[in-house]
Amino acid sequence: DRERVAQIMRILLDNALRNVGVSYEANEAAIESLVAAQQRMTSFSDGEQRQAMVNLVNVTQDYQTSLQALPVALDLAAATGMALESASVMVGRALIGNTEALGRHGIELQKNLTPQETLNVLMERFGGAAEANVDPMVQLKNSLADVAESIGMALLPAVQAIVPVIRDIADRIG
């Protein structure tokens, strides 16, 4: 089930990237490397981060800026206690000049900042919050879920092959 959700998130991310002329497949190593590194240092799962990346790409329409903005969204979410999904949308909007949502949360930014200036200001204010607020139990849960996902994917072909046999036996018994 977790692997299926991960596959769906990858499809959504691929679709968002294709909409801006970028391929997930061509950038998978960079994306997954960032996501894995952030998961090891923060309490945010890979699935949450992929959803945040989808949000950032959809809002900014820019893959590279979104890749740079992902850690900033993690820090904002950790510092404010808001959901990463909301933080990623707010960061994305701020990157394209719409800072109203951040303002409603008491985060004021200068007008007419470039995307890089916006990232710099947000990093100055919130940088390191995701690492500083890490919950070791959440990290453990995320790591164990990743292990279970890997084992499940490795065993899936074998399990799928024997399920009809098990059903047949169960039907005969019951």
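The structure we're discussing is the one just above.
Since we're looking at a predicted model, the values are computed, not measured.

Enquirer: What is the right way to read the nonpolar core from this model?
Expert: Among the nonpolar cores identified, the biggest contains 40 residues, and L17, I31, V91, L102 and L122 are the most heavily contacted of them. Those elements that provide at least two residues to this core are α1 (2-19), α2 (24-41), α3 (46-60), α4 (63-80), α5 (84-95), α6 (100-104) and α7 (115-126). Considering every element that reaches this core, the biggest residue donor is α4, with 9 residues. Setting aside residues no more than four positions away along its own chain, L17 makes contact with V22, S23, Y24, I31, V57 and Y63.

Enquirer: Whenever I open this one, the environment of T42 confuses me. Can you help?
Expert: Note on placement: T42 falls in the loop between α2 and α3. In this structure, the C-alpha to C-alpha distance between T42 and A132, residues 90 residues apart in sequence, is 8.1 Å. Only 2.6 Å separates the side chain of T42 from the backbone oxygen of Q38, close enough to count as a polar contact. A polar atom in the side chain of T42 sits 3.2 Å from the backbone nitrogen of F44.

Conventions used here
- Residues numbered from 1 in each chain as written.
- Predicted model: local features only at pLDDT ≥ 70, side-chain atom pairs only at ≥ 80, totals over all residues.
- Heavy atoms only, no water.
- Core = buried A, V, L, I, M, F, W, Y, C linked by side-chain atoms within 4.5 Å.
- Buried < 20%, exposed > 50% of the residue type's maximum accessible area, 1.4 Å probe, protein only.
- Helix = DSSP H or I, 4+ residues; strand = E, 2+ residues; numbered from the N terminus.
- Contact = heavy atoms within 4.5 Å.
- Polar contact = N/O pair within 3.5 Å; in protein donor to acceptor, adjacent residues only side chain to side chain.

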